[in-house]
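Topology and contacts: notes
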Amino acid sequence: AGFDLRSTAALHVAVVREKQSGRNVVGYLPATTPASPARPWVIVGAHYDHLGRGTRGTSLAGKDEAGQVHRGADDNASGTAAVLAIAARLAQLPRNRHVVFALWSGEEIGLVGSTQFANAPPIPRDQIDAYINFDMVGRMANNRLVAQGAGTAAIWPRLLERANVAAGFDLTVQPDPYQPTDISGFNQVAVPVLTFTTGSHPDYHRPSDSADKI
């Protein structure tokens, strides 16, 4: 609720601008056969940054945890590891598409790295068929996996259903692509997206997000 200010007040505000650099880490596997699809590129990614010691305002650390290193084992070392494992596996298989593997910087301060890439990709944007994201996939409970953004391409629900016959997850498919993760920038430039997560937990954005719980 507001209130009447019955006298005047003077306020001086100083804006301090900080300029820093982040680095996306990007590589790709070329197709092993001639890339025949009209959109021959697929991107698989995850953000590799986390909160450091939690001094930027998004930490959920308790008072007794203030200033401690936020390990980020699930958010998002788990997604980073998933991307590297997928790259290692696909390197052994024949491919009729070029596959980009991207680890994004600056997700925790506003999806900065992935959005910059989506807005100015080093490959023609109209040749990107899809972006697939992994964010917090290391704390599965009750075999539950969530796939979000399935409404961005008509084929996603059918592909997910078919793949899950073999995988056997308790899979929840959500059409909404407006998620606070790295699919956002790609969705805004009309690239079909999917993001996978095993969901949040009490250690989210806290120093207790440690590797022993993965």
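In what follows, the accompanying structure is described. (Residues numbered from 1 in each chain as written. Predicted model: local features only at pLDDT ≥ 70, side-chain atom pairs only at ≥ 80, totals over all residues. Heavy atoms only, no water.)

1. A word on the sheet that holds strand β2 (residues 41-47)
Spatial strand order, β1-β3-β2-β4-β7-β5-β6: seven strands in an open sheet with mixed pairing. A strand with exactly one partner marks an edge of an open sheet, and here the two such strands are β1 (25-29) and β6 (170-174). Between one strand and the next, the sheet's axes are offset by a mean angle of 20°, whatever the strand orientation. Of the pairings in the sheet, the one linking β1 to strand β3 (residues 98-104) comprises five bridges and is antiparallel in character. Paired with Tyr-28 across the two strands is Val-100, which belongs to β3. This element, helix α1 (residues 73-90), spans β1, β2, β3 and β4 (128-134) of the sheet and lies at about 150° to β2. Here helix α3 (residues 156-167) sits on the sheet in contact with β4, β5 (144-148), β6 and β7 (193-197), set at roughly 40° to β7. (Pairing = 2+ DSSP bridges. Helix = DSSP H or I, 4+ residues; strand = E, 2+ residues; numbered from the N terminus. Axes fitted to C-alpha atoms, helices over the stretch in contact; angles between N-to-C directions. Contact = heavy atoms within 4.5 Å.)

2. Some words on a nonpolar patch on the surface
On the surface, a cluster of nonpolar side chains totalling about 370 Å² of accessible area is made up of Leu-11, Val-13 and Val-15. Judged by relative accessible area, Val-15 falls into the exposed class, the value being 66%. (Patch = residues over 30% accessible without salt bridge, like charges linked within 9 Å, V, L, I, M, F, W, Y side chains within 5 Å. Areas by Shrake-Rupley, 256 points an atom, 1.4 Å probe, with all protein chains shown as cover. Salt bridge = Lys/Arg side-chain N within 4 Å of Asp/Glu carboxyl O. Buried < 20%, exposed > 50% of the residue type's maximum accessible area, 1.4 Å probe, protein only.)

3. Brief notes about α1
Under the 1.5 Å per step criterion, the end-to-end length of α1 is 24 Å for 18 residues, consistent within 8% with the ideal 26 Å. Elements that come into contact with the buried residues of α1 comprise β1, β2, β3 and β4. (Expected span 1.5 Å × (residues − 1).)

4. Quick look at the environment of Ile-86
Counting through the fold element by element, Ile-86 comes out in helix α1. Among the residues examined, Ile-86 registers a relative accessible area of 25% and is labelled partly exposed. Sequence separation between Ile-86 and Val-44 is 42 residues, and the spatial gap between their C-alpha atoms is 8.5 Å. Beyond its immediate chain neighbours, meaning those up to four positions away, Ile-86 contacts Val-44, Phe-101 and Phe-134.

5. A word on the side chain of Arg-95
Structurally, Arg-95 is set in the loop between α1 and β3. Of the side chains with opposite charge, Asp-129 comes closest to the buried, unpaired Arg-95, at an N-O distance of 15 Å. Of note is the side chain of Arg-95, whose polar atom sits 2.8 Å from the backbone oxygen of Leu-90. Non-local contacts of Arg-95, meaning those with residues more than four positions away in its chain, are made with Leu-29, Pro-30, Ala-31, Thr-32, Thr-33 and Leu-90. (Lys, Arg positive; Asp, Glu negative; His and termini not counted. Polar contact = N/O pair within 3.5 Å; in protein donor to acceptor, adjacent residues only side chain to side chain.)

6. A word on the side chain of His-205
Mapping His-205 onto the fold places it in the segment after β7. Classification of His-205 by relative accessible area gives buried; the value is 5%. Within the local environment of His-205, its side chain forms a polar contact with the side chain of Asp-75, the two groups lying 3.2 Å apart. In terms of polar contacts, His-205 uses its side chain to reach the side chain of Glu-108, at 3.1 Å. If sequence neighbours within four positions are ignored, His-205 has contacts with His-50, Leu-51, Thr-58, Ser-59, Leu-60, Ala-61, His-70, Asp-75 and Glu-108.

7. Considering the packing of aromatic side chains
If you walk through the whole model with that rule in mind, you get seven aromatic pairs. Their ring planes at 45° and their centres at 6.2 Å tell us that Phe-117 and Phe-186 sit as a pair that is tilted. Highlighted residues: Phe-117 in helix α2 (residues 112-119) and Phe-186 in helix α4 (residues 183-188), separated in sequence by 69 residues. Comparing Phe-117 with Phe-186 shows no difference in burial state: the two are buried. Considering the side-chain rings of Phe-134 and Phe-196, the 5.5 Å spacing of their centres and the 20° angle between planes classify their relative orientation as stacked. Taken together, the residues span a long stretch of sequence, with Phe-134 in strand β4 and Phe-196 in strand β7 at a distance of 62 residues. Accessibility expressed as a relative area gives 14% for Phe-196, which makes it buried. Taken together, the aromatic side chains of Trp-104, Phe-117, Tyr-131 and Phe-186 make up a single cluster linked through ring pairs. (Phe/Tyr/Trp six-rings, centres within 6.5 Å; stacked < 30°, edge-to-face > 60°.)

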